[in-house]
Amino acid sequence: MNTPAMASLRFDDHQPTLSNLHDEVISGLNQRPRAIQPKFFYDETGSRLFDAICETPEYYPTRTEIAILANNINEISDHIGTDCLLIEPGSGSSQKVRVLLEAIRPHTYMPIDISGDHLLTVAKELLIEHPEINVHASCIDYTAPINLPAYPENLRRVAFFPGSSIGNFKPHQAVSFLSNIAAMVHPDGGLLIGVDLKKDPSILNAAYNDTEGITADFNKNLLTRINRELNADFDRQQFEHRAFYNAAKGRIEMHLISRIDQTVHIDGQRFNFSAGENIHTENSYKYSIDEFKALACQAGFEPVRVWTDPAQLFSVHYFRCAAAAASS
Ligand SMILES: C[S@@+](CC[C@H](N)C(=O)[O-])C[C@H]1O[C@@H](n2cnc3c(N)ncnc32)[C@H](O)[C@@H]1O
């Protein structure tokens, strides 16, 4: 095994600028229905609140996905192999990769996240826990094409995309995101991806409406962030968290609903909200196993294996590049 003598920590900072946040928020609030991209949830507080959501009894995806990874670790590591470049877009607290690292022993782990301070803290922790693995962290917005920082060219590349973050994209956007990932891991790489399954809507609705109100706090933290970073005056008390399963579209929708007629100022601009008007803040699409396989195939992947939990709440798929599948 080609273990580096002394592993390194690298941090590349391409965090979106304040003007990105400003322009996207203003344009999202000027469109109808109003919408703000979920990537803006994740300042340092947002990253911490997401971790707290994962601990709530209602939020089954995290513990279910971790159990699937742990229960099938031998088979998963057989597919991934050792000594690869393991790339994780949207790595957050890198909680799930910790289940894999011991077995896979990648040459380099490359966490990618938009939440820069949190990413750097986690990268340092990982290097202490695994001094034998290089950690090259990149603060990048993965909705734009990802330009990987320099790395040894001979490493096989495998992408890890857990948390059903793929569900935050509309299906056609998911195909284009996965096509970028396929190009990144081409020709002999793979993709290990966690995908939340369609199920009884009462389970889904509970997961996004925890009784402690942490998901509501996470949703409203967007307003706090905009107030702080864009000199705005949203009153959090006058917006309500609403999340529900839209069966026709196969997705959870998350919104902030204005409780009253009100005017909000952002950087000197006025935005009028009528009572009941919404800001759409997140989608989380749910897929059957076959629906997701079909979507990944459109992006240039070939299904290899899928694992689920006994209650069929969540799925973890392994795909390889279609060209590699055809030539092997
Ligand atoms: C739902 S959390 C999932 C975290 C982790 N992968 C897991 O499974 O628990 C989404 C993560 O992706 C990051 N993220 C969201 N949008 C992003 C974007 N456009 N570019 C890069 N990172 C993003 C967030 O900061 C957050 O850490």
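Participant: Could you give me a rundown of the pairing of strand 8 (residues 239-246), with the residues and numbers involved?
Facilitator: As paired elements, strand 8 and strand 9 (residues 251-258) share 8 bridges and run antiparallel to each other. In the strand pairing of strand 9, A243 is matched with M254. The hairpin formed by strand 8 and strand 9 contains 4 residues between the paired strands, and G250 there has a positive phi angle of roughly 65°.

Participant: Please give an account of the sheet that holds strand 8 that cites residues and values.
Facilitator: Pairing is mixed in the open sheet, where 4 strands are placed in the order 2-12-9-8. Pairing within the sheet leaves two strands with one partner each, and these edge strands are strand 2 (34-35) and strand 8.

Participant: Break down helix 7 (residues 171-185) for me, with residues and values.
Facilitator: End to end, helix 7 covers 21 Å across 15 residues, agreeing with the expected 21 Å (1.5 Å per residue, within 8%). Within helix 7, the full set of buried residues consists of A174, V175, F177, L178, I181, A182, M184 and V185. Looking at the buried residues of helix 7, the elements they touch are strand 3 (85-89), strand 6 (157-161), strand 7 (190-196), helix 10 (289-298), strand 13 (301-308) and strand 14 (314-321).

Participant: I'd like a rundown of the pattern of salt bridges, residues and numbers included.
Facilitator: Under the counting rule described, the total for this entry stands at 21 salt bridges. The residue R228 makes a salt bridge to D43 at a minimum N-O spacing of 2.9 Å. Taken together, the residues R228 in helix 9 (residues 214-230) and D43 in the loop between strand 2 and helix 2 (44-54) connect sequence positions 185 residues apart. Since its relative accessible area comes to 8%, D43 is described here as buried.

Participant: Can you lay out the site of the ligand for me, pointing to particular residues and giving the numbers?
Facilitator: In the vicinity of the ligand lie 18 residues, with G90, K96, D113, D141 and Y142 positioned nearest. Here an oxygen atom of the ligand and a backbone polar atom of G92 are 3.4 Å apart. Between the ligand and I114, the relevant distance is 3.1 Å, taken from a nitrogen atom to a main-chain nitrogen or oxygen of the residue. A breakdown of the residues in the shell around the ligand according to their chemical character gives 6 nonpolar, 7 polar and 5 charged.

Participant: Lay out unusual backbone geometry in plain terms, naming residues and giving numbers.
Facilitator: Of note, the amide linkage connecting R32 to P33 takes the cis form, showing an omega dihedral of -10°. That bond from H186 to P187 is cis: its omega, 5°, falls within 30 degrees of zero. Residue placement: P187 occurs in the loop between helix 7 and strand 7. Phi is positive for D83, which is not a glycine, with a value near 70°. Residue placement: D83 occurs in the loop between helix 4 (73-80) and strand 3.

Participant: Give me the sheet that holds strand 7: which residues, what numbers.
Facilitator: The 8 strands lie next to each other as 1-5-4-3-6-7-14-13, forming an open sheet whose pairing is mixed. Lying at the two open borders of the sheet, with one neighbouring strand each, are strand 1 (9-13) and strand 13. Pairs of neighbouring strands in the sheet enclose a mean axial angle of 20°, with direction left out of account. Alignment of strand 7 against strand 14, held across 7 bridges, turns out to be antiparallel. The residue of strand 14 that forms the bridge with L191 is F319. In the packing of helix 5 (residues 97-104) onto the sheet, contacts are made with strand 3, strand 4 (108-113), strand 6 and strand 7, and the angle to strand 3 comes to roughly 175°.

Conventions adopted
In every chain, residue numbers begin from 1 and rise along the written sequence. Thresholds applied to this predicted model are a pLDDT of at least 70 for local features of residues and 80 or more for the giving and counting of side-chain atom pairs; totals over whole chains, interfaces and linings are not thresholded and use all residues. As a rule here, side-chain values come from all non-hydrogen atoms in the structure, and water together with hydrogens is ignored. What makes two strands pair is DSSP finding at least two bridges between them. Numbering goes from the N terminus for both helices and strands, where a helix is a DSSP run of H or I of at least four residues and a strand is a run of E of at least two. A helix is expected to span 1.5 Å for every residue after the first. Three exposure classes are used, based on accessible area relative to the maximum for each residue type with a 1.4 Å probe and protein chains only: buried under 20%, partly exposed in between, and exposed over 50%. Any two residues whose heavy atoms approach within 4.5 Å at even a single point are treated as in contact. Here, a salt bridge means any side-chain nitrogen of Lys or Arg that lies within 4 Å of a carboxyl oxygen of Asp or Glu. Near, as used in this document, describes a residue that has one of its heavy atoms within 4 Å of the molecule or strand being considered. For this analysis, a polar contact is any N or O atom pair within 3.5 Å, provided that within protein one partner can donate a hydrogen and the other can accept it, and provided that sequence-adjacent residues contribute only side-chain to side-chain pairs. Each residue is assigned to one of three groups, with Ala, Val, Leu, Ile, Met, Phe, Trp, Tyr, Cys and Pro labelled nonpolar, Asp, Glu, Lys and Arg labelled charged, and all others, Gly among them, labelled polar. Axis geometry follows a simple rule: fit a line to the C-alpha atoms, using only the stretch in contact for helices, then measure angles between N-to-C directions, giving values from 0 to 180 degrees.

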